[in-house]
Amino acid sequence: MTASIESILQVELQSLYRIDGCPPVDPFRVRAPEHGREALLVRHAEDGVVDLGLHLAPEVRASAEAALVSREVDLDGLCAAIEGVSHFVYFTRWTEHRPMSRLELELQAEIDKFLVLWSSLDGRALFLRLFEEVRLADEDRYRVAHREGRRYASWLLRQRQAGRTAEALEDARRLYRSPLPQKLDRIARAA
């Protein structure tokens with residue numbers, strides 16, 4: 001594989017949402033084993049400069065790369081890779097335009113995992129694997145992001161089943177561009 005898994009997923013996300021202006025992810029790849037499987041590392045310096053790094057554990061990268069090569073989807077590793085790259089793309093695309101919370105990053109990653117994978121897997125089976133058969137970290141932001149991501153993915157799935165995939169994707173693109181309060185309001189109305 002010539003391109004990194006991170007850059008492949010970045011292209012996928014930018015294409016999905018029809019966005020540009022994000023820096024290439026590869027120069028921001030770091031090894032930080034103390035941060036677990038995946039992490040977006042952000043440090044704000046006093047002079048306003050932001051240091052940024054994306055850590056994917058070697059086993060996550062290997063699992064995600066294998067899923068792309070073999071087309072057999074190991075959701076655990078691939079989802080961790082999608083989540084990390086989602087955080088990077090979303091942060092670099094929107095942080096200069098508005099304040100952003102960890103909850104917003106986590107919610108967008110839940111939606112991104114579903115959308116990146118929904119063309120590869122049966123929608124209902126994917127929904128079950130992503131939103132029913134998971135264990136969450138014991139923090140409120142993960143529970144809220146998971147719950148709201150589940151609600152929106154359920155709506156997306158219903159739109160797809162009704163033959164409105166193109167409209168659902170356009171809605172997801174508008175949602176992507178919305179700050180958290182509008183995002184949560186839209187999800188509540190969709191559900």
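Numbers given for residues are sequential positions, taken from 1 along each chain in its written order. Where totals are concerned, whole chains, interfaces and linings use all residues; where local detail is concerned, this predicted model gives features only for residues with pLDDT of at least 70, and gives and counts side-chain atom pairs only at 80 or more. As a rule here, side-chain values cover all heavy atoms of the structure and leave hydrogens and water aside.

*Asks:* So, the pairing of strand S3 (residues 50-56): which residues are in play, and what are the values?
*Replies:* Exposure categories follow from relative accessible area, calculated using a 1.4 Å probe and restricted to protein chains: below 20% of the type maximum is buried, above 50% is exposed, and the middle band is partly exposed. The secondary structure listing takes helices from DSSP runs of H or I that are at least 4 residues long and strands from runs of E that are at least 2 residues long, numbered from the N terminus. In terms of residue burial, S3 counts as a mostly covered element, since five of its seven residues are buried. Of the strand pairs in this sheet, strand S1 (residues 29-30) and S3 are connected by two bridges, and their pairing is parallel. Counted as the bridge partner of Val 30 is His 55 from S3. Between any two strands, pairing holds if DSSP finds at least two bridges. Direction of pairing for strand S2 (residues 38-44) relative to S3: antiparallel, over a ladder of seven bridges. Looking at S3, one finds that Leu 40 is bridged to Leu 54.

*Asks:* How would you sum up helix H4 (residues 102-117)? Please name residues and give values.
*Replies:* Helices are assigned an expected span. That span is 1.5 Å times one less than the residue count. Here H4 spans 23 Å end to end across 16 residues, near enough to the 22 Å set by a 1.5 Å rise per residue. The buried fraction of H4 amounts to 14 of the 16 residues, a majority that puts the element mostly inside the structure.

*Asks:* Quick one: what's the story with the packing of H4 against helix H7 (residues 165-176), residue by residue and with numbers?
*Replies:* Interaxial angle, 0 to 180 degrees, is taken between N-to-C directions of lines fitted to C-alpha atoms, where a helix line uses only the stretch in contact. Packing of H4 against H7 brings their axes to within 12 Å, and their N-to-C directions diverge by 155°. Taken together, H4 and H7 sit at an angle that is classed as roughly antiparallel. Taken as a pair, H4 and H7 cross one another with a handedness that is left-handed. The segment H4 lies against H7, with Gln 108, Ile 111, Asp 112 and Leu 115 engaging Leu 169, Ala 172, Leu 175 and Tyr 176. An angle below 35 degrees is treated as roughly parallel, one above 145 as roughly antiparallel, one from 65 to 115 as roughly perpendicular, and anything else as oblique. Note: crossing handedness is left-handed where the near helix turns anticlockwise from the far helix by less than a right angle, and right-handed where it turns clockwise. Should any heavy atoms of two residues lie within 4.5 Å, those residues are considered in contact.

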